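What follows is the residue order along each chain.
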Amino acid sequence: MNTVARDAQSRPLSALPSVDRVLGFEAVRVLVAEFGREPTLDMVRKVLDEARATLRTDAAIDVGESALSASVGAALRREHARRQRPVVNLTGTVLHTNLGRAPLPPEAVRAVAEVMASPTNLEYDIERGARGDRDDLVAPLLAQVTGCEAATVVNNNAAAVLLALNTFARGKEVLVSRGEQIEIGGAFRLPDVMARAGCQLREVGTTNRTHLSDYEEAIGPKTGLVLKVHPSNYAITGFTAEADEARLGALAASRGVPFMVDLGSGALLDMSRWGLPKEPTVRETLTHGATLVTFSGDKLLGGPQAGLLAGSREAIARVKKNPLKRALRVDKMTLAALEAVLALYRDPDRLAARLPALRLLTRSRAQVRAAAERMRPLFEEALRGKAVVEIEECASQIGSGSQPVETLASAAIVVRCAARSPSLRRLEAAFRALPVPVLGRIAEDALRFDLRCLEDEAQFAGLLRELSP
Ligand SMILES: *Cc1c(COP(=O)(O)O)cnc(C)c1O
């Protein structure tokens, strides 16, 4: 085959073997068995086309059997690699929207795996032997944890808000404080969602101060809904005021208007119990007279992506009659994961140990620092003296718009360039190129890895050994 390669210099194009000959190469036959005939054939054609183009430029390339087989194999493996892969989140943001938010507990993973490959009683009441309702799989658990009368689940909280607005205020006005005209990452702007839901936004109060009297003046026959939005990703400080939720609830009730609270993160239990920033819980909000509360499944709740609506029996029944509900509903896998996660909430004492999101959020700085001490020598070894490795205190973000102003005391491995280091960008890329990409953050002239979310240290140690800085 070396002769073929040499011939390439003098008779470039004729040196290329035919597609059929390449398909007959021993190593390519192995690829056919692994990837199938058609994908391999397509790739052989592509590789030969590229080789032909290169040869036409008079560049010398190896078109021998082993070189061509290797090219075809590498290209096939690249193309067939799974696009969605696990990554190690050392960004310092625990519930990272771009990284899939809350990691699920093994109970949920098992439940999903079990239902996905089998028919289930998704909408079938086994006891009565009759048609059932998929919401009934999780509504009783939600009732137990939040005290709601009824509940329903849709694809995400954005969908929950859209559905609720459309159900209660289509062609009507929705009263919202000017201080709550929010935009949440990824083009979820309240005024736009309002328009799509067919509602008229009626702003009340001012950006920094809104009083009960502002709502009182605005509420009338055209009002379909009074809406309160939890300011998830920003804080208004200084000279501020907002209407007391319970009094707002009472006002709406006295006028016969439903009162909805979009909690966003939606803590089911009081987070201050674990030393986390206080968040209004779903139960408290319902106690304040909310007819309906909407929140995410994959933020503080720690479950799968979902939008939950919890509230009065009558309000939920109306929501479920909206044809949009059918378009926004979730599948059996989401419900299986959500049920398993909600079941963990029955036992709050063990929740922080069993629910990964909460376990990560409640790790103390001392615990994270201890992990950093254990990992530091491994980082140094992996970087082979090409950079300086230190441990520094840092602040983790809860993420997903939860309490942006409050952070969690944490510790980070900080990598800085030494005299002949590759650039920070190159180093960062090397961590990203690992079989399980390790994601940190470049800030203040250093590559920073917040170790709060590192749990499997043994796996991580193995990964670091493969780093090529
Ligand atoms: C996050 C958030 C949403 C959107 O929820 P998703 O589950 O991401 O669709 C809506 N409202 C508030 C207040 C939020 O914090």
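Predicted model, so just to flag it, every value in this text is computed and none were measured.

(A) Broad picture of the pairing of strand β17 (residues 446-450). In terms of burial, β17 is a largely internal element, five of the five residues being buried. Here β17 shows a buried face lined by A446, R448 and D450 and a second buried face lined by L447 and F449. Inspection of the sheet shows strand β14 (residues 408-417) paired to β17 by four bridges, in the antiparallel sense. Within β17, the residue paired with A412 across the bridge is D450.

(B) Structural detail: the pattern of salt bridges. The tally for this structure, following the rule as stated, stands at 31 salt bridges. For K325, the salt bridge identified is with D135, shortest N-O distance 3.6 Å. Taken together, the residues K325 in helix α14 (residues 323-328) and D135 in the loop between β3 (130-131) and α7 (139-146) connect sequence positions 190 residues apart. Comparing K325 with D135 shows no difference in burial state: the two are buried.

(C) Just the domain arrangement of the chain, in detail. In terms of domain boundaries, the chain breaks down into domain 1 (3-78), domain 2 (88-96 + 360-465) and domain 3 (106-354). When each unit is reduced to the centre of its C-alpha atoms, the spacing between domain 1 and domain 3 is 57 Å.

(D) Examining the sheet that holds strand β8 (residues 200-204) more closely. Across the sheet, seven strands lie side by side as β4-β12-β11-β10-β9-β5-β8; this open sheet has mixed pairing. The open sheet is flanked by β4 (150-154) and β8, the only strands paired with a single partner. Within this sheet the neighbouring strands show an average axis-to-axis angle of 25 degrees, counted without direction. Two strands pair when backbone bridges link them, and strand β9 (residues 223-229) and strand β10 (residues 259-264) are joined in this way by four bridges, in the parallel orientation. Across the sheet, K228 pairs through a bridge with V261, a residue of β10.

(E) Region of interest: the layout of surface pockets. Looking at the largest pocket, its volume works out to about 1200 Å³. As for the largest pocket, its lining consists of 35 residues, and the residues nearest its centre are P86, V87, L99, A102 and P103. Those elements giving two or more residues to the lining of the largest pocket turn out to be β1 (88-89), α6 (106-116), α15 (332-344) and α17 (356-361). Of the residues contributing to the lining of the largest pocket, the split by class is 19 nonpolar, nine polar and seven charged. Composition of the lining of the largest pocket by domain shows at least three residues from each of domain 2 (88-96 + 360-465) and domain 3 (106-354).

(F) Focus on the sheet that holds β14. Overall, antiparallel pairing links the four strands, which are arranged β13-β14-β17-β16 in an open sheet. Pairing within the sheet leaves two strands with one partner each, and these edge strands are β13 (387-396) and β16 (441-443). For this sheet, the mean angle separating the axes of adjacent strands, direction not counted, is 35 degrees. Sheet analysis places β13 next to β14, joined by ten bridges and oriented antiparallel. Counted as the bridge partner of E392 is A412 from β14. Here helix α18 (residues 365-383) sits on the sheet and contacts β13, β14 and β17; the angle it forms with β13, its principal contact strand, is near 160 degrees. Lying over the sheet, helix α19 (residues 424-432) contacts β13, β14, β16 and β17, oriented at roughly 30 degrees with respect to β17.

(G) Region of the structure containing the environment of V44. As for its placement among the helices and strands, V44 is situated in helix α4 (residues 37-56). Each C-alpha atom of the pair V44 and V28 lies 8.8 Å from the other, and the pair is 16 residues apart in sequence.

Rules behind the numbers
- Residues numbered from 1 in each chain as written.
- Predicted model: local features only at pLDDT ≥ 70, side-chain atom pairs only at ≥ 80, totals over all residues.
- Heavy atoms only, no water.
- Buried < 20%, exposed > 50% of the residue type's maximum accessible area, 1.4 Å probe, protein only.
- Helix = DSSP H or I, 4+ residues; strand = E, 2+ residues; numbered from the N terminus.
- Pairing = 2+ DSSP bridges.
- Salt bridge = Lys/Arg side-chain N within 4 Å of Asp/Glu carboxyl O.
- Domains from an automatic or database assignment.
- Axes fitted to C-alpha atoms, helices over the stretch in contact; angles between N-to-C directions.
- 1 Å grid on protein atoms, 1.4 Å probe; cavity = no way out; pocket = protein on both sides within 12 Å on 5 of 7 lines; lining within 4 Å.
- Points joined across faces, edges and corners; volume = space filled by probe spheres on them.
- Nonpolar A, V, L, I, M, F, W, Y, C, P; charged D, E, K, R; others polar.
- Contact = heavy atoms within 4.5 Å.

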